[in-house]
Structures are given as C-alpha cells and as structure tokens.
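Spelled out from the first residue to the last, the chains are:
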Number of protein chains: 2
Amino acid sequence: MTDIDELLSIRAAELYYEEDKTQDEIGTILRLTRWKVGRLLAQAKANGFIRIEIVHPRARRLGIERQLRSATGLADAIVVSTAGVVDELDLQKRTAQAAADYLSALRPVPRTLGISWGRTLYDISVQLKPGWASGVNVVQINGGVSLNARPGTAAATAVSIAQKGAGQFTLLPSPAILERVETKLAIASDRSVAAVLEMGSSASAYLFSAGQADAGSAHVDSGYLTPDQVDELVRKGAVGDVVGRFIDSAGQIVDPALDERTFGIPLEQLRRAKTAIAVISGPRKHAIARSVVLSGLCTVLITDEDTAQALIKAA
Amino acid sequence: MTDIDELLSIRAAELYYEEDKTQDEIGTILRLTRWKVGRLLAQAKANGFIRIEIVHPRARRLGIERQLRSATGLADAIVVSTAGVVDELDLQKRTAQAAADYLSALRPVPRTLGISWGRTLYDISVQLKPGWASGVNVVQINGGVSLNARPGTAAATAVSIAQKGAGQFTLLPSPAILERVETKLAIASDRSVAAVLEMGSSASAYLFSAGQADAGSAHVDSGYLTPDQVDELVRKGAVGDVVGRFIDSAGQIVDPALDERTFGIPLEQLRRAKTAIAVISGPRKHAIARSVVLSGLCTVLITDEDTAQALIKAA
DNA sequence: GCCGATCTTGCTCATATGAGCAGGAGCCTC
DNA sequence: GAGGCTCCTGCTCATATGAGCAAGATCGGC
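Residues numbered from 1 in each chain as written. Chains lettered and ligands numbered in written order. Predicted model: local features only at pLDDT ≥ 70, side-chain atom pairs only at ≥ 80, totals over all residues. Heavy atoms only, no water.

Asks: Requested: an account of the protein's contact with DNA strand D, with residues and values cited.
Replies: The immediate surroundings of DNA strand D are formed by Thr33(A), Trp35(A), Lys36(A), Arg39(A), Tyr16(B), Thr22(B), Gln23(B) and Arg34(B). Of all atoms in DNA strand D that approach within 4 Å of the protein, 53% are sugar or phosphate atoms. One of the side-chain nitrogen or oxygen atoms of Thr33(A) is found 3.4 Å away from a phosphate oxygen of DNA strand D. Within the side chain of Tyr16(B), a nitrogen or oxygen atom sits 3.0 Å from a phosphate oxygen of DNA strand D. Sort the elements by how many residues they give to the surface near DNA strand D and helix H3 (residues 34-46) of chain A lands first, with three residues. Of the residues assigned to the surface near DNA strand D, the class counts are two nonpolar, three polar and three charged. (Near = heavy atom within 4 Å. Polar contact = N/O pair within 3.5 Å; in protein donor to acceptor, adjacent residues only side chain to side chain. Helix = DSSP H or I, 4+ residues; strand = E, 2+ residues; numbered from the N terminus. Nonpolar A, V, L, I, M, F, W, Y, C, P; charged D, E, K, R; others polar.)

Pasting the structure below:
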C-alpha cells in the first residue's frame, strides 16, 4: 500500500470509528468514492491499525482461546481479558468468575466433582451461584487441613460448592503433607479415609488450581513447608505444585520422598481423567501453568490473557 | 440493564468484534433473535465496554479536538493520538508531523509566515514535504542565535521551511536575550533589523512552539539563562516561554526587565493575529500549553491527547 | 387482583456495507 | 512503441444492520 493510501485509511478510520460517519459521508469529505473508502477501511483493519478491545471483567479472548487449544491440544480453554485489570486481586477474581461460569455451564453435569483447595478454589466457590447444579457430590482430592492461616478454608470451599450445587460434600480428613511416611500410610489405610480417596479417584470431573514454587507458596503460608524447603525444591527443578505435589517443568515429581508423604490422589488420576479443569492465572504462575498443560495434567485450562500468550509461545 | 443482559452483551461483543460473526449467527449461538443481539451490541457500546483505538503515528483524536475547540474557543485544534507511543521523542515526531500536515493544508496559504525556533520547529521543518507551498515568505519572529548547542539550528529551520515552500526567508540577526537593554534598543533601531521585525509583525500567519520553565528549558541549553535564573523566574510564577518571553499561568510577562532585553515581536502581535498556530506537546508542557491557550496567544493548537485532556479539564 | 404505565420484543422497511466482476490505467517486456 | 500483464476502479447485486412501530410482557399502585 502506498504511503498516501495509508494516511487516507487512517483519516477514514477516524471518521468511521470515532465520528460514526457512513462510508458515503467519508467519501464526500475525503473526495473519494464510497467503495474506495470501504477498501481503505478494510486495509486499515488488515494492517492492524484498528484495535478493538472489550473492556469488562467478564470479557474473554476467544481468539486466544482458539490459538491455545490448537497449540496445546487442550479440549477447552477459557482466557479472560486483562484489559482494564487494576491489580492481581482483580485478575484472580476475574479468573474465578470465569471458572464458576464454566463449571455452571459444564455438560454433562458432573455427578462427582473432585476439587483441590486454596485461594483460587475458595474464590470460585464464592462466585458460584446457588443452583449451579442440582445434586453434585463434591470430594476433596488432596489433604487440606491448614496448619496456620485461615483454618477451615479448605472445608468451607468444598461445603460451599456442594451446597450451592444442591449436593453432598466429602472432606479428606488429613493434612496436606505428613511428617513421616508411616503416618501417611496409616491414615490412608483407614477404611473411611480410603473410601474418600476411592471416591476422589473415580470422580467424573476435577477442578483444581496450582501454586508457584516460591516463598509465596500456599504451603509456606499453611506451615507445611519452610521457605528453605521450597528453595530446595526449586533447586531440584520445581516450578510449582498441583494438588499438593511439586513438579518440574516436565510435569515430573521433583522429590519422590516428599511426594510419598503428600496426601491425595496421584497425579496420574488427573492425567487419565476425562475432564480435568485447571484454573491458573497471574504473572507468577506462567511456569507452573506451562508444566500443567504440557504434561497433560488438565484437559481444560482457565487462565488469563498474559499466561495464555506465554503458553502459546512456549508450545 | 440487568446483570444477565450485561453478560450477554459481552458475549455478543466477543463474537461480533473478535470472531467476525454476523448478528444473526450470534443469535443462533446465544439463542437470541438477531434484533436482540443488535440491541445488546448497542448497549455494550453505550456502556463503553467496546473500546476502539486507531493505532498509527498519524492518528488523530477528532472527538477530543471537538471538545477542545468548544471548551477553549480555539478556531482549530489538532490532537494526535498517544496510542502506541513509545517515548517522548516519538510523541514529538508525531506532533511535528501533524503540524507539517496542518501547515500544508492551511488555506489561504500564508504569504508571510512568522516562525519561532527550537526543537519543535526544527522537527516540523524536517517533516514538511517539498512543494508544501508555492512561494511563502518565512520570517523569524524572535532572536535566535544560539550561543552553545547546535549553532545554526534556528536559521536552518527557517531556510528549510522557506525552501520547501518555494519561497524566501528572512532571519532576525540578533540573540534571543541581550545582556543590556541599551544593546537591544541599539539593534532594534537598525534600519534593516527594524524591517525584519516589521515584516514579522505583519505576517499573515504565525507558527511557534513554547518551552516549559525548568532546568531543561531551551534557554538554558542555549546559554541565555542559567538554571538559577530559570528557578527565579519560576518563583515569580513563570510556567514557560513563548517566542522567548516568559509568562505566568495567566499569560502575563513575569519579569518585565528581562522581557525588555528579549528580542522579537511582542506577544500582543500573536494575540492580535488572525492565524497563530501553537505546537505544544509532551507531559512537561501541560502548564505552558494551558497558559498559551487560555490567554489567547494562539488561534490554533496542535498537541497530543494527554495535553489536550488536561486542557479540557482546566477550561 | 385489576388496570394503566412503561419497558421489551419481534417485526417491516430503509439504509449501509461487502463480494464479485468488467473495464481501464499503468507498467514491464521485448 | 506494441502487447500483454497486473492492479485498481467503479459498478451491480446480495447481505447485514439500524430505525421505527405495534403487540405483548412486566410492574407498581390501588
């Protein structure tokens, strides 16, 4: 395109998009035929001079979702827009909202839903609308008795999701990480506990988040790990944790000994699942999101625009 | 609008603007009539959820130009978009380009054009295309022999504008500020110099910029004033200078003694002029831009989006 | 619970826009 | 400088969209 045409296409775009003039009126103003104006506008679009953004907390990026699906082979991808996001809290809320929306619209409605716990899952439970399902069994899939902060958050999340879905909940009565393997095996061998794990392993869908491996990890807040222990995991290649289990960028368990003491369903259950919904957003979670998606831990990813872009680039 | 309608309008907007679907297709997807879809899209626009931006160095903001004209009573206003601006240099270039465009399109073509000098004017002279006018007399309206940096810039500017406009140039052979009033009067009384000032005073149009009053002022670079002297002017209320003369926020000369020693046409000439084009952009020039416009020093302002917004708010 | 007021819906019709095509201008090749 | 090629222009026609309107739904007041 010639330089003068480029300038004309900008003038035309201003009149068309800012001033709401018709192509015919623009033709009169710029002394062009209306067909020429139409072509100039088409060129302006094709050259990327026209940027259209939907600014709303519920806005999604369908184009990026499509790219993400085809780049990663995910069954589904939900990408929330970052346009107009003010802080990370806002972004978390948007993502949780999108997850709640997705869960509400999920068909078939899962009979048994396995969930992890944490900040993200709690937010989702808050955003869910009463009546989102009619009779859903919610079961925790990893140990979740918090040691320090916000006791009962894990339980409250499961309870809320179940109640709003007019269903039952089943808690996993165990800490996330035990100090000794023997303790873990002892708890796991308990009939009632084993039944919960069994139910978790046969869930028809999973909903979980993931944590990044750094000093801000929920495991540190909850008192299961010290910052030093997390640093050590990072040195071994950990990028984050999924249902309590720390993995490297290839999706492999980084510390088998620690993993043995971690209570919950094994990651293989997620990889085998027909519907495993991961909800991961925020700039600090790019690495763990990448690992989760590329190692096949989820079939559906709900995330933000920036994380999605990083993922597409990586895949 | 109800909450559910708001969400639907966002979904519709995504499909319409991102996926290029027709309203009819969207109707099928969302199980709505195409008329409902049309209304939802109209609501999304009305609520400001749809943001359309023209991303191009030559893009202008016609809506803001209109607001600026009606808020200030300017005869004309040119506002360049800041969308996609990377640094202040980029912004300066865009503004200079807009000024060159404006000058080229100015009707009637000025027979005599009075110009100031400086970074902005120089940029404009570079952006002007050969043949922008056919025979224009360019005359300097303020003293412009630079003492330190870039000697000859002021002259080069006038020469370039005149040559590209197939016309003559007339330089004002004097420093911007004289050390003694007597010297200034002596120079001014010289027949040939007086003729230049006379020509400057009767120009059919003026094109000038303005400088902010701070240590980065062109007067400091050029060696006419020390940073201390500028600080002193600021204490007296100076917000910047126009054709070398420092004014306060009301457009009044802040230091009459200094002004007596400043060489060039008086500001009253600009205020009386039928066409006085001020080119002022950048975040540091909001105050001086405000003073120039509100005190009637220009009839036309060429500026950037942010400065324009600040001006509209102030007026 | 009835009635009027107001808001929403689905339509008809007018207008705006995009696809596709024939003719023509400009340009390169020989 | 002729011929053929490509690209551009202005058109016709099909489609998409917006304005305006009448019927229906909803709501509050009594």
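Asks: I'd like a description of the interface of chain A and chain B, backed by residues and values.
Replies: With 26 residues of chain A at the interface, the matching set in chain B holds 26 residues. Summed over both partners, the interface of chain A with chain B comes to about 2700 Å²; 52% of that surface belongs to carbon and sulfur atoms. Applying the counting rule to chain A against chain B returns five salt bridges. A salt bridge links Arg61(A) to Glu18(B); its shortest N-O distance comes to 3.3 Å. Counting across the chain A and chain B interface gives 15 residue pairs in polar contact (both at pLDDT 80 or more). Within the residue set of the side of chain A that touches chain B, elements represented by two or more residues are helix H1 (3-18), strand E1 (50-54) and helix H4 (62-72) of chain A. Looking at the side of chain A that touches chain B, its residues break down into 12 nonpolar, two polar and 12 charged. The pairing of E1(A) with strand E1 (residues 50-54) of chain B spans five bridges and is classified as antiparallel. Across the sheet, Arg51(A) pairs through a bridge with Glu53(B), a residue of E1(B). (Contact = heavy atoms within 4.5 Å. Buried area = accessible area lost by both parts, 1.4 Å probe. Salt bridge = Lys/Arg side-chain N within 4 Å of Asp/Glu carboxyl O. Pairing = 2+ DSSP bridges.)

Asks: An account of the sheet that holds strand E5 (residues 169-170) of chain B is requested, with residue identities and associated values reported.
Replies: All names here are of chain B. Taken in spatial order, the seven strands make up an open sheet running E2-E11-E10-E6-E3-E4-E5, and their pairing is parallel. Sheet topology places strand E2 (76-80) and E5 at the edges, where each strand pairs with a single neighbour. Bridging between strand E3 (residues 112-115) and strand E4 (residues 137-140) involves four bridges; their strand directions are parallel. Residue Ile 115 lies in a different strand from E4, and its bridge partner there is Gln 140. The strands touched by helix H5 (residues 88-105) within the sheet are E2, E3, strand E6 (205-208), strand E10 (276-279) and strand E11 (300-304), with E11 carrying the most contacts at an inclination of about 150 degrees. In the packing of helix H9 (residues 191-201) onto the sheet, the strands contacted are E3, E4, E5 and E6, and the crossing angle to E4 comes to about 115 degrees. (Axes fitted to C-alpha atoms, helices over the stretch in contact; angles between N-to-C directions.)

Bear in mind that shape data such as this cannot, by itself, settle questions of function.
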